[in-house]
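Breakdown of the fold
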Amino acid sequence: MQKEISQVLQVLKDGGLILYPSDTIWGIGCDATNEKAVAKIFELKQRNESKALISLVGDKKQLMTVTNLIPKEAESDKPTTIIYKNISRLAKNLIANDGSAAIRIVQDYFCKQLIQEFGKPIISTSANISGENTPNQFSEISDEIRNNVDYIVNLRLNEIMRNPSDILLVNKDGSIKKIR
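This write-up is about the structure you can find in this document.

What follows is about the sheet that holds strand β4 (residues 80-84). The sheet built from 9 strands is open, its strands ordered β7-β1-β2-β6-β3-β5-β4-β8-β9 with mixed pairing. If you trace the sheet from one side to the other, it starts and ends with β7 (151-152) and β9 (176-178), each paired once. With 4 bridges joining them, strand β1 (residues 18-21) and strand β2 (residues 26-29) adopt antiparallel strand pairing. Counterpart to Ile18 in the pairing with β2 is Gly29. The sheet contacts of helix α2 (residues 35-45) involve β2 and β6 (122-126), and relative to β6 the element is tilted by about 5 degrees.

What follows concerns helix α4 (residues 109-118). Buried within α4 are the following residues: Phe110, Cys111, Leu114, Ile115 and Phe118. For α4, the buried positions fall inside an angular range of 120 degrees around the axis, keeping them on one side. Residues of α4 that are buried in the fold lie against α1 (2-13), β1, β3 (54-57), α3 (60-63) and β6. N-cap assignment for α4: the residue whose side-chain oxygen lies 3.2 Å from the backbone N of Phe110 is Asp108. Backbone geometry just downstream of α4 places Gly119 in the positive-phi region, at approximately 85 degrees.

Within β4, 4 of the 5 residues are buried, which leaves it mostly tucked inside the rest of the structure. With 4 bridges connecting them, β4 and strand β5 (residues 101-105) associate as antiparallel partners. Looking at β5, one finds that Thr81 is bridged to Arg104.

On to the environment of Lys177. With respect to the helices and strands, Lys177 occurs in strand β9. Of the residues examined, Lys177 reaches a relative accessible area of 47% and is grouped as partly exposed. As a C-alpha pair, Lys177 and Asn34 span 143 residues in sequence and 29 Å in three-dimensional space. Among all residues touching Lys177, those that are not within four sequence positions of it are Ile167, Leu168, Leu169 and Asn171.

The subject of this paragraph is the pairing of strand β8 (residues 166-170). Burial of β8 is extensive: 5 of the 5 residues sit out of reach of the surface. Sheet analysis places β4 next to β8, joined by 4 bridges and oriented parallel. Within the sheet, the bridge partner assigned to Thr81 lies in β8 and is Ile167. Looking at chain direction, β8 and β9 are connected through 3 bridges and run antiparallel.

What counts and how
Residues numbered from 1 in each chain as written. Predicted model: local features only at pLDDT ≥ 70, side-chain atom pairs only at ≥ 80, totals over all residues. Heavy atoms only, no water. Pairing = 2+ DSSP bridges. Helix = DSSP H or I, 4+ residues; strand = E, 2+ residues; numbered from the N terminus. Contact = heavy atoms within 4.5 Å. Axes fitted to C-alpha atoms, helices over the stretch in contact; angles between N-to-C directions. Buried < 20%, exposed > 50% of the residue type's maximum accessible area, 1.4 Å probe, protein only. Arc of directions from axis to C-beta. Polar contact = N/O pair within 3.5 Å; in protein donor to acceptor, adjacent residues only side chain to side chain.

Encoded structure:
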């Protein structure tokens with residue numbers, strides 16, 4: 001696994017795209033602080049930039065570097081993505097007009113190690129073209145996606161992935177609303 005992490009770290013540092021297994025799905029990822037890398041994901045997915053992408057962080061401490069209002073639900077046992085209103089230090093094209101962004105503390109061991117070694121959040125968006133079905137395993141990922149990333153993580157290739165995470169919204173008053 002350390003070899004995979006080393007390979008991915010170099011790709012992320014170079015502004016490249018990765019295809020990797022997360023705690024929920026096979027995802028396309030990049031450095032969440034690199035605006036050009038984020039733009040490459042929107043282009044590859046043929047996705048309108050007005051549609052949000054999820055960022056992953058390794059732990060609560062790293063989450064605190066991009067937001068200061070962290071509800072207890074952020075550390076759920078179930079993968080839970082939270083839309084935070086007060087975001088900083090992420091690529092501008094990840095932050096919505098209202099200043100919000102979707103972030104999850106990742107639970108997958110590989111991802112957690114990768115993100116902690118990288119020291120910054122990474123993107124996690126489903127490995128499909130917008131509007132197409134989300135692949136449940138690596139073999140279902142289209143050649144268009146596979147051929148247009150800079151590195152494919154060679155782990156969990158035969159595993160059937162979980163469903164996407166729950167999505168919660170933190171309101172300005174600190175209350176929580178379930179979106180998905």
